[in-house]
Amino acid sequence: HYMYIVSNSNYFNTIYKCGGRVIYLEEVHTDNQKQLVQFIIEEYHSYVPSAVSVGRRIDWLIFDDSVVNQFNIPQPIGMVGIGSSVYPPPKDLLTRVGLSKDEYKDVFNEFANNWRFCLKPNSVKNAGTQILKQVRKQCKSAWYKKYGDNLKHLLTFVGGDNNGAVYKADNWEMVGETSGLPDHKSSSMKWNNNEELKELFVKPTGENKKLIFYKGL
């Protein structure tokens, strides 16, 4: 792979060649870019076709220089995003990073969750792992620039009968699995107050378990 850093007035792009094609990431800032992200998720995400998130969020559009419209303008082939980590934290994650729940709370903003990674079908082979590498190269500076915190840990949750092969190929560790919640309770409850939490709490049922992958930065 050949790698180039190119810049323009809005963002830095990291470009690499993959099978003779040039793949690059573009950090999302404008409303038009955000609409593209939403469209890609709703059209192509295999098991959570929702673009809604809470907390922090940085997304990138993914481009392949061979994919253009009739005006020769590059068209995105996917998106990848990081955002606020999860609370309460899964026990397997705490074990891997050697933190108690309270210690994790103190360094919560040093963690980011790869909340979505979505490529259109038939995208260039092996692009997924290369894209994750580029996210790791860019995410620390993007996180610090936007939020002022040092990003030290990435995690992600893989469900929908996927095995996380793209993360394994980028040397992420599979550190465990979530305890599993029914569909209507599986969203994050970290933004609810104590009274709401009492009302919302359900015991894990083992449904919708997700694999937890971790990558230190």
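Structural notes, computed from the coordinates. All chains use their own residue numbering, which begins from 1 and follows the written sequence. Totals for whole chains, interfaces and linings use all residues, but because this is a predicted model, local features are given only for residues with pLDDT of at least 70 and pairs of side-chain atoms are given and counted only at 80 or more. Heavy atoms throughout the structure, all of them, feed into the side-chain values; hydrogens and water do not.

## Things to note about the pairing of strand β3 (residues 21-27)
Where burial is concerned, most of β3 is hidden: six out of the seven residues are buried. A pair of strands is labelled paired if DSSP reports no fewer than 2 bridges between them. Comment: elements are numbered from the N terminus, with helices defined as DSSP H or I runs of at least four residues and strands as E runs of at least two. Relative to strand β4 (residues 57-68), β3 runs antiparallel, the two being bridged by five bridges. By the bridge assignment, Glu-26 is partnered in β4 with Leu-61. Each residue is assigned to one of three classes by its accessible area relative to the maximum for its type, calculated with a 1.4 Å probe on protein chains only: buried under 20%, partly exposed between the two thresholds, exposed over 50%.

## Comments concerning the side chain of Asp-59
Here Asp-59 lies in strand β4. On the accessibility criterion, Asp-59 (6% relative accessible area) is buried. Any pair of N or O atoms that falls within 3.5 Å is considered a polar contact. Within protein, one atom must be able to donate a hydrogen and the other to accept it, and sequence-neighbouring residues count only if both atoms are side-chain atoms. Here the side chain of Asp-59 touches Arg-57 through a polar contact of 2.7 Å, side chain to side chain. Any two residues whose heavy atoms approach within 4.5 Å at even a single point are treated as in contact. Contacts of Asp-59, omitting those with residues within four sequence positions, involve Glu-26, Glu-27, Val-28, Val-37, Met-79, Val-80, Gly-81, Ile-82 and Trp-115.

## Here's the deal with helix α4 (residues 127-147)
Expected span, for any helix, means 1.5 Å times one less than how many residues it has. Between its terminal C-alpha atoms α4 stretches 28 Å, which fits the 30 Å expected from 21 residues at 1.5 Å a residue. Here the bend at a residue is taken as the angle between two axes, fitted respectively to the seven residues that end there and the seven that start there. Of all bends in α4, the biggest is about 40 degrees, found at Gln-138. Along α4, the residues classified as buried are Ala-127, Gly-128, Thr-129, Gln-130, Ile-131, Leu-132, Gln-134, Val-135, Gln-138, Cys-139, Ala-142 and Trp-143. Two residues or fewer after α4 comes Gly-148, characterised by a positive phi angle close to 80 degrees.

## A closer look at unusual backbone geometry
The omega torsion across Tyr-87 and Pro-88 is 0 degrees, close enough to zero to call that bond cis. Examined against the element boundaries, Pro-88 turns out to sit in the loop between β5 (74-84) and α2 (91-97). Positive phi outside glycine occurs at Asn-72, with the angle close to 65 degrees. Within the secondary structure, Asn-72 sits in the loop between β4 and β5. Notably, Asn-171 is not glycine yet its phi reads approximately 65 degrees, a positive angle. In this structure, Asn-171 sits in the loop between α5 (165-169) and β8 (173-177). Classification of Asn-171 as exposed rests on a relative accessible area of 58%.

## A closer look at the packing of aromatic side chains
When we look at a pair of aromatic rings, we describe it by the centre distance and by the angle of the planes. Two aromatic rings, drawn from Phe, Tyr or Trp (for Trp, its six-membered ring), form a pair once their centres lie within 6.5 Å of each other, and the interplanar angle then sorts them: stacked below 30 degrees, edge-to-face above 60, tilted otherwise. According to the stated counting rule, one finds seven aromatic pairs in the structure shown. Centre to centre, the rings of Tyr-104 and Phe-108 are 5.8 Å apart; their planes meet at 90 degrees, and the pair counts as edge-to-face. The class of Tyr-104 is buried, set by a relative accessible area of 0%. Feature note: the residues Tyr-87, Tyr-104, Phe-108 and Phe-111 constitute an aromatic cluster, connected by ring pairs.

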